[in-house]
Amino acid sequence: MTAPDAGRGIGNGESAAEITTTFVGLPRDCFRILHVSTGNVCRSPITERLTRHFVTERLGVLGGGLIVESAGTWGHEGAPMEANAATVLGEFGADASGFTGRELLDEHVIMADLVLTATRDHRAQVISMGHSAGLRTFTLKEFTRLVRAIDPATLPPLEDGVVKRARALVRAAAALRGWLLAPTAEADEVYDPYGAPLTFFRSIGDEIHDALDPVVTALTGVPARM
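Read on for an overview of the structure. A quick note: this is a predicted structure, and the numbers were derived from the prediction, not measured.

### With respect to the packing of aromatic side chains
Then, in step 1: For the structure on display, the rule yields one aromatic pair.
Then, in step 2: Pairing F138 with F143 gives two aromatic rings, centres 4.9 Å apart and planes at 50 degrees, and the pair type is tilted.
Then, in step 3: The aromatic ring of F54 is capped on one face by R58, whose charged end is 5.4 Å from the ring centroid.

Given below as structure tokens:
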């Protein structure tokens, strides 16, 4: 993998006005979920597309202002998803088509309402970029642990909109951080399957699937169909 281009992103020669123009045409009231891994060809594409799939299963459509994206800290800009990752998504019934890898840039973090990373190192890298990212950046498994402890009755009903509910969920999770610690450091990690056989990709896909299910249930207020 090659290192990210240090010349891109706010603080590296681009103005805030230049970055803002990138997002012209997006809905004003939206909630952006950003999944982050290393190359953006294995873990974060699986997590992005499974999130979209789960939300669509529960709500019938991916909309309501919810935007799900991904990027990599050493992203393979323009690269396709790894073939084994696409296979795993297909086995879950999720759409793997049309994916293009992205390098994580400052504007991605600036625009994200929730950043879910594969590992603690990725979380630290996102937070080190600044932009007040600390309160809205978690590892995926960390966020799952926190969400499980939140009483759904304390969240706004879906009738108030998925954006309002999602923002409340992130605030509640951030308030619990520090109280609900991981039993081990490894408990918050999703390991990299890059270059591994399909069997290992499937095990990582199962981990991501199991971690995402309670998160999307909390976001939408709708449990998975049995």
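### A word on unusual backbone geometry
Then, in step 1: We note that H131 has phi near 60 degrees; this positive angle belongs to a residue other than glycine.
Then, in step 2: Within the secondary structure layout, H131 lies in the loop between α5 (120–128) and β4 (137–139).
Then, in step 3: Residue classification places H131 among the partly exposed positions, given a relative accessible area of 28%.
Then, in step 4: Despite not being glycine, S132 shows a phi value in the positive range, around 55 degrees.
Then, in step 5: Tracing the sequence through the fold places S132 in the loop between α5 and β4.

### Observations regarding the pairing of strand β2 (residues 66–72)
In regular strands, side chains alternate between the two faces of the sheet.
Then, in step 1: Among the seven residues of β2, seven are classified as buried, and the element is accordingly described as predominantly covered.
Then, in step 2: Here β2 shows no split at all, with L66, V68, S70 and G72 on one side and I67, E69 and A71 on the other all buried.
Then, in step 3: Each parallel crossover has a hand, and for strand β1 (residues 31–37) linked through helix α2 (residues 43–59) to β2 it is right-handed.

### Remarks on the nonpolar core
Then, in step 1: Grouped together as the largest cluster of nonpolar side chains are 45 residues, with contacts concentrated most on F31, L114, F138, F143, L169 and I208.
Then, in step 2: Of all the elements in the fold, those that place two or more residues in this core are β1, α2, β2, α3 (83–91), β3 (114–117), α6 (140–148), α7 (162–176) and α8 (198–220).
Then, in step 3: In terms of residue count, the dominant contributor to this core is α8 (nine residues).
Then, in step 4: By size, the runner-up hydrophobic cluster in this structure holds nine residues, among which are A71, L104, V109 and V115.

Conventions used here
- Residues numbered from 1 in each chain as written.
- Predicted model: local features only at pLDDT ≥ 70, side-chain atom pairs only at ≥ 80, totals over all residues.
- Heavy atoms only, no water.
- Phe/Tyr/Trp six-rings, centres within 6.5 Å; stacked < 30°, edge-to-face > 60°.
- Lys NZ or Arg CZ within 6 Å of the ring centre and 35° of its normal.
- Helix = DSSP H or I, 4+ residues; strand = E, 2+ residues; numbered from the N terminus.
- Buried < 20%, exposed > 50% of the residue type's maximum accessible area, 1.4 Å probe, protein only.
- Right-handed = clockwise from strand over helix to strand, strands pointing away.
- Core = buried A, V, L, I, M, F, W, Y, C linked by side-chain atoms within 4.5 Å.

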